[in-house]
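# Structure at a glance
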Amino acid sequence: MVCLGNICRSPIAEGVLRKLAHDAGKDWQIDSAGTNGLHVGEAPHRSSQKICKQHGIDICKQKAKRFTIKDFEQYDIIYALASDVYEDIAAIAKNDAQMTKVKLFLNELEEGSNASVPDPWYGGEEGYLPVYLLIEQTCKKIVAKHRA
Ligand code: 4NP
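Since this is a predicted model, take the numbers as computed values, not measurements.

### Regarding the packing of helix α2 (residues 46-54) against helix α6 (residues 128-145)
Across the interface, α2 lies against α6 with an axial gap of 10 Å and an inter-helix angle of 60 degrees. Comparing the axis directions of α2 and α6 gives the class oblique. Handedness of the crossing formed by α2 with α6: right-handed. Contacts from S47, S48, I51 and C52 of α2 reach α6 at Y128, L129 and Y132. For the contact of α2 with α6, a count of residues per class yields five nonpolar, two polar and no charged.

Have a look at this one:
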């Protein structure tokens, strides 16, 4: 799960997908990172922590990391939470094979929408619930897709 800072959106996506995958008996390795590296080492934003906690998910131990080229080797699927993040990842990729692993996260909710998860970093705390719900809805679809 990749966003810009790895402190608002992708930590929520990591926490939610990990919980849903665990509940569905899936042994997936799930992680998150950011493309801008501005918050490396920081815990998720307090409002991301709070909205997850209100939904029974503890993300306080996560630490922001920067997305690197090694992530293409380590993961089968790389979800960009927004189109600017997708472009950042494309700039890091060395070849087309690496980019075949990269998907826009919200295309799992609605194929071909090419939509981005809004960045709550630029607004108040009230922005975090709609972002949480959008991420949760999408993660539910991802897990359902792999249920078979
Ligand atoms: P995120 O939000 O990508 O959802 O973690 C942001 C957090 C920090 C910044 C940008 C986006 N920033 O530029 O510091």
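### Some thoughts on the packing of aromatic side chains
For the structure on display, the rule yields two aromatic pairs. Geometrically, the ring pair formed by F67 and F72 is edge-to-face, given 5.3 Å between the ring centres and 90 degrees between the ring planes. Given the relative accessible area of 5%, F67 is considered buried. Among the residues examined, F72 registers a relative accessible area of 3% and is labelled buried. Ring centres of Y79 and F105 lie 5.9 Å apart, and the angle between their planes is 80 degrees; on these two criteria the pair is classed as edge-to-face. A residue pair is termed long-range when its members are at least 10 positions apart, and Y79 in strand β3 (residues 78-80) and F105 in the loop between β4 (102-104) and α6 qualify at 26 residues.

### Here we look at the site of the ligand
Taken together, 13 residues lie near the ligand, and L4, G5, C8, R9 and H39 sit nearest. The separation between an oxygen atom of the ligand and a polar main-chain atom of N6 is 3.3 Å. One of the backbone N or O atoms of I7 is found 3.0 Å from an oxygen atom in the ligand. When the ligand is considered free in solution it has 360 Å² of accessible area, and contact with the protein chains removes 92% of it. For the shell around the ligand, the class distribution of residues is seven nonpolar, four polar and two charged.

Thresholds, definitions, all that
Residues numbered from 1 in each chain as written. Predicted model: local features only at pLDDT ≥ 70, side-chain atom pairs only at ≥ 80, totals over all residues. Heavy atoms only, no water. Axes fitted to C-alpha atoms, helices over the stretch in contact; angles between N-to-C directions. Helix = DSSP H or I, 4+ residues; strand = E, 2+ residues; numbered from the N terminus. Parallel < 35°, antiparallel > 145°, perpendicular 65-115°, else oblique. Left-handed = near helix turned anticlockwise from the far one by under 90°. Contact = heavy atoms within 4.5 Å. Nonpolar A, V, L, I, M, F, W, Y, C, P; charged D, E, K, R; others polar. Phe/Tyr/Trp six-rings, centres within 6.5 Å; stacked < 30°, edge-to-face > 60°. Buried < 20%, exposed > 50% of the residue type's maximum accessible area, 1.4 Å probe, protein only. Near = heavy atom within 4 Å. Polar contact = N/O pair within 3.5 Å; in protein donor to acceptor, adjacent residues only side chain to side chain. Areas by Shrake-Rupley, 256 points an atom, 1.4 Å probe, with all protein chains shown as cover.

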